[in-house]
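# Fold and geometry: a report
Listed here are the chains, written in short residue letters.
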Amino acid sequence: MKVIQLSFPVDCFSISRRKMLGLTAAAATSFFWQRLGAAPLNQPDPKSNEIIRIGTEAGVFLTFERRGLQFSLQQIQRQTQPPILYGDSGLRTAGPGPVGNPLTLVVLNGPQQGTYGMDTFEVTQLEHSQTQLMVYLKNARLPMQVGLEITAEGDVIEWRGQAVWNGPDDTDVDLYYPLLSRMRFDPAGSDRLVSGELSGVEKPHVATLNYSATYLGGLSSPVFLVEGGGRGIAFVEDSRADLAADPGGCRQRSAVVGTEFPLPDNGDTALALATGEDGPFAGWRHRRLMLGAKRFGGQADYDEAESHGTLPMIKLGDSVDLGPVLSYAYGGTWKTAALWMRQQREWVPFRSSPAKWYRDTTILSEEMPDRLLRTGESLYDLPLLLEERHELGSDMMSLPGFAEPEIIGTQENMLNRGDYFYPAENLGGWEAMRRSVEATHRQGGHVLLYVEGLIVWKRSRIGRSKASDWALMDADGKFTENYRGFYDMCPAETGWQDWFAQTLVDIVRTTGVDGFFMDSMLATDNHRCFNPKHAHAPQPDIWNWGLRRVLKRVREEVDKADPNTILLCEGAGDLAREFTDGSLSHGHAWSRMTFTVPLSRFLHPQMRAFEADGMQPHGPNAPLWPVKKPLLWNAVQGYRVFMEQESHEVLAPLGRRVREYYDLYPEICDAQVSVTDAQSTNCMAQWFDGLPSVIACGNDSDTARLVTIEFPAATPVALLFDRRDQKRIPVESGKAQFQMEPWEYRAFELRV
Ligand SMILES: [Zn+2]
């Protein structure tokens, strides 16, 4: 039986490989046997040179050069289009830049600290077919070997790799792969970056950029694209190691686009250094603490244990997978690339809450209990407060600071991140909470409580007892302290996971509350944890893996009390979303008003991200938007809305109007954003593929305007119909024209 099980997949592997690679039977057989190590792979002649081209006539092709034992990627090109890699600003000479093409290694510390480009690697073995290249490389100066497998199919390139560390000691490394050095699409310099950071971030002038963002922490989805002049290249990093039962395959992955290599970790420093003279390079950084061979025995142990014969790489120490990273060389708009990204990320699971009220609600508001204390109100006032929220279009309210202040008689409830189980007696205690939640439900409202998913106040009860056991530790052995006076929790620690989950379910049972907003959870920076007492030690890059674990535990526990419990995370991360119901994000303010492409809404219509209005942008040189613009933009793009308390008054009429439209047009928040664009003049517009299709639009100016929406010739649209006021606007010669008031929002069905 065992023999059959072994031989069957061998045949399948061989046949499918042969088909995929377009190899002859003999070549495929040789390829297969070489993989098993029974026959040596092609060892190149150090005195010879060769040019290797992989790809198909109709799609993208890659040109590699082997010069003796030196190997590099020279060019990526779609048929008939200008080359993607360039060597000078005039697009005259193509060629590799100073880094990458396709790999660069950076040792982060120790005696071997430094940058190791392709010129420090030598080819040990090399094979290729028409569509795939497999190369093994060893570094001439470091005990590191790398295997790279690059496949071109149509316009998509798949980059897979594996790096093996055979040094005796643990060594922290960054492996950049693929790293495409010096790309340009539009010679006029209009190239831009659109990345999966937050809910979607756009950076113009990519030639003068130094950008890096880690998934999760910066990136909500592991995707970005660089484009200009109607073409571009899109990347998806599609490793699934964070989903495995153990964190052994995890590493920290970051998108990098820049001119200064290696990119400084500090974003502001990186920006200041960007010159645009040599860049941009673009690709992915894979960070891993490579465990030394000392931990696993040496060559003698290896020889005794392994009997495979000659393998292309000897693995004595740690190894790390690189990718798979997929890249798509496309022509068209960002939506062309995003549609492909959506297909690649289609497997990402999203939970749909069984609570129908939640699926139908679209605007979240908040109330600060600190404010209640100052105005002499209490939790008993929640039903009245919710009635006020109806004026904003909201029927769901989040309450930060519902727990006790540690020092009795003070009003600093919000400070006490940790003691959520203890009633806020200065607001009426659990009894007030339970009765007011019940009353709020009777009037059709819902209440979420604010908890911190990753931070504990050191002076709280839990802060004085167990929290330090679960805390993140930096490489220097000190507790991580992003906020003074607070421990940062390690999401991978089961102690924290259990305590947090148990605390939340106890609160649900005691108060009947509808759920929680978990601050920080999918929004804070991606942290490494070097706490030697933790089960994941010594591997520090367990952030994403741990977040999935803690959210899974919370879901398991709260479901025991009520599966309708709503779990909202801060941030817009796409990971662990099978356990949570949505997110609350300040995309506009956090991104310094560069959240101008609705990427997450396009990729994941089921994401349920409540995007904030009102908050002022963070950081230097951030442009100020008129206060109504973020709300109007969110409404046009189909994001759910979080109404910040500070802007309630000024935004109430628009919020109410948006909610009326959202209630009449569920397509705006739930249907797929269309790949098709309608050209709009004097307004913002977005098209949703509902049944029927729907278009939302907004006038983001202080003046009344005559608005034009022009439909593509192939789209049959005879009239626009507004469900709210039953207005019909004719479409003549593919154009609809109508008047919009200042800051007006509306939506239409597209009727044929
Ligand atoms: Zn830890």
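See the structure above.
The text that follows walks through the structure, step by step, so that each part is easy to find. (Residues numbered from 1 in each chain as written. Predicted model: local features only at pLDDT ≥ 70, side-chain atom pairs only at ≥ 80, totals over all residues.)

## Here's the deal with the pairing of strand β30 (residues 684–688)
Sheet faces and side chains relate simply in a regular strand, where the side chains alternate between the two faces. With five bridges joining them, β30 and strand β31 (residues 694–698) adopt antiparallel strand pairing. Counterpart to F688 in the pairing with β31 is V694. (Pairing = 2+ DSSP bridges. Helix = DSSP H or I, 4+ residues; strand = E, 2+ residues; numbered from the N terminus.)

## Details of helix α14 (residues 629–637)
In terms of burial, α14 is largely enclosed, as eight of its nine residues are buried. Looking at the residues trailing α14, positive phi occurs at G638, about 85°. (Buried ≥ 20, exposed ≤ 12 C-beta atoms within 10 Å, placed from the backbone.)

## Let's talk about helix α15 (residues 648–664)
Here α15 is 17 residues long and its end C-alpha atoms lie 23 Å apart, about the 24 Å a rise of 1.5 Å per residue gives. L654 marks where α15 bends most, by close to 35°. Considered for burial, the residues of α15 that qualify are H648, L651, L654, G655, V658, R659, Y661 and Y662. For α15, the secondary structure elements touched by its buried residues are β19 (363–366), α14, β28 (640–643), α16 (666–670) and β36 (745–751). (Expected span 1.5 Å × (residues − 1). Bend = angle between axes of the 7 residues up to and from the residue. Contact = placed C-beta atoms within 7 Å.)

## Some thoughts on the sheet that holds strand β1 (residues 49–55)
The strand order across the open sheet built from three strands is β1-β2-β3, with neighbouring strands paired in antiparallel fashion. Looking at the sheet topology across the chains shown, the edges are occupied by β1 and β3 (70–78). Going across the sheet, the axis of each strand differs from the next one's by a mean of 20°, ignoring polarity. Looking at chain direction, strand β2 (residues 60–67) and β3 are connected through eight bridges and run antiparallel. Bridge pairing in β3 places R66 opposite F71. (Axes fitted to C-alpha atoms, helices over the stretch in contact; angles between N-to-C directions.)

## Concerning the sheet that holds strand β34 (residues 728–730)
Strand pairing in a sheet takes place through backbone hydrogen bonds and is either antiparallel or parallel in direction. Spatially, β30-β31-β36-β33-β34 is the arrangement adopted by the five strands of the open sheet, whose pairing is antiparallel. The sheet is open, and its two edges are formed by β30 and β34, each paired on a single side. Each adjacent strand pair in this sheet contributes to an overall mean axis angle of 25°, direction not counted. The pairing of strand β33 (residues 719–721) with β36 spans three bridges and is classified as antiparallel. Directly across from L719, in β36, lies its bridge partner R751. In the packing of α14 onto the sheet, contacts are made with β30, β31 and β36, and the angle to β31 comes to roughly 170°.

## What to know about the nonpolar core
By size, the foremost hydrophobic cluster in this structure holds 207 residues, and its most contacted members are M489 and I695. When near neighbours in sequence (up to four residues on either side) are disregarded, I695 contacts A678, A685, W687, I709, A747, F748 and L750. (Core = buried A, V, L, I, M, F, W, Y, C linked by C-beta atoms within 7 Å.)

## Observations concerning the packing of helix α8 (residues 382–390) against helix α9 (residues 429–442)
Taken N-terminus to C-terminus, the directions of α8 and α9 make an angle of 40°; their axes are 8 Å apart at the nearest point. Of the two possible hands of crossing, α8 and α9 adopt the one that is right-handed. Of the residues in α9, those in contact with L382, P383 and L386 of α8 are S436, A439 and T440. Looking at side-chain class alone, the contact of α8 with α9 contains four nonpolar, two polar and no charged residues. (Left-handed = near helix turned anticlockwise from the far one by under 90°. Nonpolar A, V, L, I, M, F, W, Y, C, P; charged D, E, K, R; others polar.)

## Some words on the environment of A572
Within the secondary structure layout, A572 lies in the loop between β25 (566–570) and β26 (582–585). Sequence-wise, A572 and D45 are 527 residues apart; in three dimensions their C-alpha atoms are separated by 51 Å. Those residues in contact with A572 that lie beyond four places of it in its chain are L198, S199, S220, L522, S583, S585, G587, S600, M607 and A609.

## Considering the environment of I76
Among the secondary structure elements, I76 is positioned in strand β3. In contact with I76, other than residues within four places in its own chain, are V60, L62, I84, L85, L180 and A329.

## Examining the environment of D574
Of note, D574 is situated in the loop between β25 and β26. Taking the number of C-beta atoms within 10 Å as the measure of exposure, D574 has 23 and is therefore buried. Sequence separation of D574 and M607 is 33 residues, and the distance between their C-alpha atoms is 7.7 Å. Apart from residues lying up to four places away in sequence, D574 is in contact with S220, S221, V348 and H604.

## Notes on unusual backbone geometry
Peptide bonds are mostly trans, and most non-glycine residues show a negative phi. Following Y215, the chain continues into L216 via a peptide bond in cis, with omega recorded as -10°. Of note, L216 is situated in the loop between β13 (211–215) and β14 (219–228). Cis geometry marks the peptide bond from L691 to P692; its omega dihedral reads 5°. Structurally, P692 is set in the loop between β30 and β31. Residues other than glycine seldom take positive phi values, yet N682 does so here, at roughly 70°. Its place among the elements puts N682 in the loop between β29 (679–681) and β30. Overall, N682 belongs to the partly exposed group, with 18 C-beta atoms counted inside 10 Å. In this model, W743 sits at a positive phi of 55°, which is unusual for a non-glycine residue. You can see W743 is positioned in the loop between β35 (735–740) and β36.

None of the figures reported here should be taken as evidence of function without further support.
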